[in-house]
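Architecture at a glance
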Amino acid sequence: MAIYEKIVGGQPSNIDALTGLGRLQLERGQFAEAAKALRRIVTLQPGHLLGQALLGMALARVGQPQEALACFERATAAGNVLPVVLLHMADVLGVLGRHAEALAIFDRLLAADPRNILALNNRGLTLEALGRDGEAADSFRHALALSPNTAEIHFSLGNVLSRLEHYEDAANHYRRAMAAMPGFARGHANLGNALAKLKRWDEALQSLRQAIKLDAKQPNAIQLRLTIATALRHLQRESESIA
């Protein structure tokens, strides 16, 4: 990266160096710095499609989804778009609540490549947002057929199955998520809730307590403690500490 910085320092309008610098900064998670370098590209050359696409990615990561979407729209206007750009564009549409448009992009990506795991997973999340849980479950299952040990996808499928009241299947996927990602507090929490729905109070109690132990300040910690109290009451162990 030092080479690009040196070139840009002496030649502030060097598009190739700015592009290289911006890409490296994106890869290293330096999103604000990347946005600064990439914005210079599109200021110098508004029709620079790669610069627009990369700037969109950077802006999405620094919490500017509306401006990111404008960049993606300019980058995709000419067609022949890289799938990764469409993925980022669809994700930004989702952040903006435009889920139907995001779904159309994921369907387009999967028509071209049915084995695109990211598109399958994000399509499932988008269908969840649209309240289409049965279809979301199918999308997550297809993703897991290609990537069977991905914790996040097992977790997402577990959440959908819980809402569909398929608690046993949901519990199995939460366990798979935690097997792939030990110490996953939300996995323990949601497993405990699923087991509580199945009235398997002793198992639920273990999972819920582990969730609190791993992350006592998680957003649903109060609800978890209430469920622990319910489990203790059913087990006739009210004298025990909730945590």
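Just above sits the structure.
Summarised in this report is the structure supplied together with it. If you're wondering where the values come from, they're calculated on a predicted model, not measured in any experiment. (Residues numbered from 1 in each chain as written. Predicted model: local features only at pLDDT ≥ 70, side-chain atom pairs only at ≥ 80, totals over all residues. Heavy atoms only, no water.)

Points about the overall build of the protein
Regarding its fold elements, the protein presents 14 helices and zero strands. Counting from the amino terminus, the protein carries its helices and strands in the arrangement α-α-α-α-α-α-α-α-α-α-α-α-α-α. The principal-axis extents of the C-alpha atoms in the protein amount to approximately 75 × 35 × 25 Å. Excluding contacts between residues fewer than 6 apart, the proportion of contacts in the protein whose partners are at least 24 apart in sequence is 40%. (Helix = DSSP H or I, 4+ residues; strand = E, 2+ residues; numbered from the N terminus. Contact = heavy atoms within 4.5 Å.)

Considering the packing of helix α4 (residues 49-61) against helix α5 (residues 65-76)
Two elements in contact, α4 and α5, have axes separated by 8 Å at closest approach and are oriented at 160°. Taken together, the axes of α4 and α5 are roughly antiparallel relative to one another. The handedness of the crossing between α4 and α5 is left-handed. Mapping the contact onto sequence places Leu49, Gln52, Ala53, Leu55, Gly56, Met57, Leu59 and Ala60 in α4 and Glu67, Ala68, Cys71, Phe72, Arg74 and Ala75 in α5. When the residues that make up the contact of α4 with α5 are grouped by side-chain class, the tally is 10 nonpolar, two polar and two charged. (Axes fitted to C-alpha atoms, helices over the stretch in contact; angles between N-to-C directions. Parallel < 35°, antiparallel > 145°, perpendicular 65-115°, else oblique. Left-handed = near helix turned anticlockwise from the far one by under 90°. Nonpolar A, V, L, I, M, F, W, Y, C, P; charged D, E, K, R; others polar.)

Observations regarding the environment of Glu128
As for its position among the elements, Glu128 is in helix α8 (residues 117-129). For the pair Glu128 and Gly94, spaced 34 residues apart in sequence, the C-alpha to C-alpha distance is 11 Å. Those residues within four positions of Glu128 in sequence are excluded, and the remaining contacts are Asp133, Ala136, Phe140, Ser156, Val160 and Arg163.

A word on the packing of aromatic side chains
Inspection of every chain in the model, using the stated rule, returns two aromatic pairs. Ring centres 5.8 Å apart and planes at 55° place the aromatic pair Phe155 and Tyr174 in the tilted group. On the criterion of sequence distance, the pair formed by Phe155 in helix α10 (residues 151-163) and Tyr174 in helix α11 (residues 167-180) is long-range, its members being 19 residues apart. Neither Phe155 nor Tyr174 differs from the other in exposure class; each is buried. By relative accessible area, which is 8% here, Phe155 ends up buried. One aromatic cluster in this structure is built from Phe155, Tyr174 and Phe184. (Phe/Tyr/Trp six-rings, centres within 6.5 Å; stacked < 30°, edge-to-face > 60°. Buried < 20%, exposed > 50% of the residue type's maximum accessible area, 1.4 Å probe, protein only.)

Some details on unusual backbone geometry
Most of the time, phi is negative for any residue but glycine, and the peptide bond is trans. With a phi close to 65°, Glu165 is a non-glycine residue in the positive phi region. Take Glu165: it is sitting in the loop between α10 and α11. Of note, the phi angle at Gln236 is positive, near 55°, even though the residue is not glycine. Locating Gln236 in the fold gives a position in the segment after α14 (221-234).

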